[in-house]
Amino acid sequence: MIEDDLAIGQALLSVFQDEGHSAIWLRMAADAEARIRDEAFDAVVLDLGLPDGDGNDLLRTLRADGVRLPVLIISARDSLQDRLKGFDLGADDYLIKPFEIPELLVRLRAIVRRAHGTLEENLWTAGDIVLDENRMAVTRAGQPVTLSKTEFALLLTLMKQANRVLTRVELERRALPAADGQGGQSQTLDVHIFNLRKKIGEGVIRTVRGVGYMVQQDA
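Figured I'd write up the structure that's included with this text. The model shown is predicted, which means the values in this text are computed figures rather than measured ones.

1. Observations concerning the pairing of strand E4 (residues 71-75)
- Of all five residues in E4, five are buried, a share of seventy percent or more.
- Neither face of E4 is open: one carries Val71, Ile73 and Ser75, the other Leu72 and Ile74, and all of them are buried.
- Taken together, the four bridges between strand E1 (residues 44-47) and E4 define a ladder with parallel strand orientation. Within E4, the position partnered with valine 45 by the bridge is leucine 72.
- Sheet analysis places E4 next to strand E5 (residues 93-96), joined by four bridges and oriented parallel. Bridge pairing in E5 links isoleucine 74 to leucine 95.
- For the segment spanning E4, helix H4 (residues 80-88) and E5, crossover handedness is right-handed.

Next comes the structure, spelled out in structure tokens:
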């Protein structure tokens, strides 16, 4: 991961580690270029605004030298011209900041699958609820359930660690990217949980008073 913003970099590093990935976080284009040449990675998450240069220049150099490593650009540059430039230079995908963590993870897995020619199913279940992580889709008893990106992120986080209590801080960090990691968005979290329960039904998400929430897999 090549990202100069300390808050974003630390948050994403924690997410990747929680997902079981071995991740290296660098803040300078020159350091990243050297590591990419010297070590084997599955993919690169690349910010464009770096202290010692532009991420596009790094991408251009890597592609010109024959480096075919999958690259996912993450950037606040949201114009069509910026996105097209990224793809023209060889990016495999382009995600605009701010983004939801589950979308980042899905896109990252997708470019790795394409690079290796593999297809991996990521289905999570709890009772009659099925969450398809790759397609960002949820069904209950076979019927589609429409969720917002934040609601999907919350449900995914809970279902991936079913039967384990997740603290409010953990949920905020994973599903509410604007949270400060100190429980500062507790009221927002409660609203999203309330709306999520209305859509998927009661009895799936359990409140553990004073701690957080959990999904019961046999709900």
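2. Considering the sheet that holds E5
- In spatial order, the strands read E1-E4-E5; together these three strands make up an open sheet with parallel pairing. Here the strands that pair on one side only, and so sit at the sheet edges, are E1 and E5. This sheet shows a mean twist of 25 degrees between the axes of neighbouring strands, independent of strand direction.

3. What about the sheet that holds strand E11 (residues 205-208)?
- One open sheet holds the three strands; their spatial order is E10-E12-E11, and the pairing between them is antiparallel. Edge positions in the sheet fall to strand E10 (166-167) and E11, since each has one partner strand and no second.
- Here four bridges tie E11 to strand E12 (residues 212-215), and the two strands are oriented antiparallel to one another. The residue bridging isoleucine 205 from the neighbouring strand is valine 215, located in E12.
- Along the sheet face, helix H6 (residues 149-160) touches E10, E11 and E12 and points at about 70 degrees away from the line of E12.

What counts and how
Residues numbered from 1 in each chain as written. Predicted model: local features only at pLDDT ≥ 70, side-chain atom pairs only at ≥ 80, totals over all residues. Heavy atoms only, no water. Buried < 20%, exposed > 50% of the residue type's maximum accessible area, 1.4 Å probe, protein only. Helix = DSSP H or I, 4+ residues; strand = E, 2+ residues; numbered from the N terminus. Pairing = 2+ DSSP bridges. Right-handed = clockwise from strand over helix to strand, strands pointing away. Axes fitted to C-alpha atoms, helices over the stretch in contact; angles between N-to-C directions. Contact = heavy atoms within 4.5 Å.

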